[in-house]
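Tertiary structure, described
Here is how the chains run, residue by residue.
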Amino acid sequence: MPYSEQAVLSVRPWSDKTFSFTLSRPQDFAFASGEFVTIGLKREGKLIARAYSIVSPGDASELEFLSIHVPDGPLTSQLAQVRPGDSVWVNSKPTGSLTLEHVRPGRVLYMIATGTGLAPFMSLVRDPATFARFEHAVLVHSVRTEAELAYREELESRMNGRFHYVPTVTREPFPTPERGSVLFQSGVLAERFGLPAVDPENDRVMICGNPEMTREMTDHLKAAGWTITNHRGIGNFTTELAFVTHHA
Ligand SMILES: Cc1cc2nc3c(=O)[nH]c(=O)nc-3n(C[C@H](O)[C@H](O)[C@H](O)COP(=O)(O)OP(=O)(O)OC[C@H]3O[C@@H](n4cnc5c(N)ncnc54)[C@H](O)[C@@H]3O)c2cc1C
């Protein structure tokens, strides 16, 4: 059986478009911080399942997720209604390319997220192994409205001399209105925290979010001499699309 039935333990709404929930962790379910797994709901005997990044770090006792609510989405129109005690089905094989094994160790780890693309980075930020591998970690979370800044309080409370969090809001007045990709490319991110200018020799980048941002950052980094991690080897940056567009 690739899927096991797990109980919803808690639900936390963030905005009208986003919410988090936790599930019981399946027995013998091993994953690396930053990975995703397919989860789903059974409706009329049929499983509707989608890929979800795991917000919890690898050693957590519960599995936490951050979800979009697409009103006519086959899964999330239903998932947005779940309550503690309901069942969610979890695949037994997590995977993904946003783990610490997907970049070489280095000086600064830059994590650039839009929307629910924050999820895998929450897992990495909560994992002390990230700070054993990197001197600094910088996380930029770009969203449209302030309410979509999920986990903002937790991230602000984690800020210290080595972890730097930059929330940005693009469609409402906010102190930082630029997208993370723009901040990274202009060099102001490193500057803001007194870090050395970004360079591919010493620094690493992880990207997770909407396909346009991911493509734009990938093109920028490649043109600037960075190498993407793929089947040919471990490079100095790695990406995952937080969602894929379905064409009917
Ligand atoms: C590797 C991977 C990891 C993912 N991790 C997450 C995650 O942690 N949280 C999450 O909410 N979704 C995540 N997704 C997207 C998720 O798999 C589903 O697409 C999403 O739950 C919507 O499902 P649906 O059946 O309701 O609608 P779908 O039919 O899957 O999607 C409907 C429309 O909504 C758009 N859309 C889908 N997901 C998002 C999103 N997250 N943000 C903005 N627009 C979206 C799609 O482009 C599509 O046009 C991930 C996708 C991939 C490939």
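The rules behind the values
Residues numbered from 1 in each chain as written. Predicted model: local features only at pLDDT ≥ 70, side-chain atom pairs only at ≥ 80, totals over all residues. Domains from an automatic or database assignment. Contact = placed C-beta atoms within 7 Å. Helix = DSSP H or I, 4+ residues; strand = E, 2+ residues; numbered from the N terminus. Nonpolar A, V, L, I, M, F, W, Y, C, P; charged D, E, K, R; others polar. Pairing = 2+ DSSP bridges. Axes fitted to C-alpha atoms, helices over the stretch in contact; angles between N-to-C directions. Near = placed C-beta within 6 Å.

1. Overview of the domain arrangement of the protein
Its domain assignment divides the protein into domain 1 (3-91) and domain 2 (100-241). Taken together, the contact pairs 19 residues of domain 1 with 15 residues of domain 2. Those elements that provide at least two residues to the side of domain 1 that touches domain 2 are strand S2 (18-24) and strand S5 (62-68). Its residues placed into classes, the side of domain 1 that touches domain 2 shows nine nonpolar, nine polar and one charged.

2. Side note on the sheet that holds strand S8 (residues 134-143)
Taken in spatial order, the five strands line up as S9-S8-S7-S10-S11 in an open sheet, and their pairing is parallel. Edge strands, defined here as strands with exactly one partner in the open sheet, are strand S9 (163-169) and strand S11 (237-241). Averaged over neighbouring strand pairs, the angle between their axes works out to 10° when direction is ignored.

3. Comments concerning the site of the ligand
In the region of the ligand, 24 residues are neighbours, and Arg50, Gly73, Leu75, Thr76 and Phe243 sit closest. With four residues, the top contributor of residues to the shell around the ligand is strand S4 (residues 46-53). Within the shell around the ligand, the residues separate by chemical class into 13 nonpolar, nine polar and two charged. When residues of the shell around the ligand are assigned to domains, at least three fall in each of domain 1 (3-91) and domain 2 (100-241).

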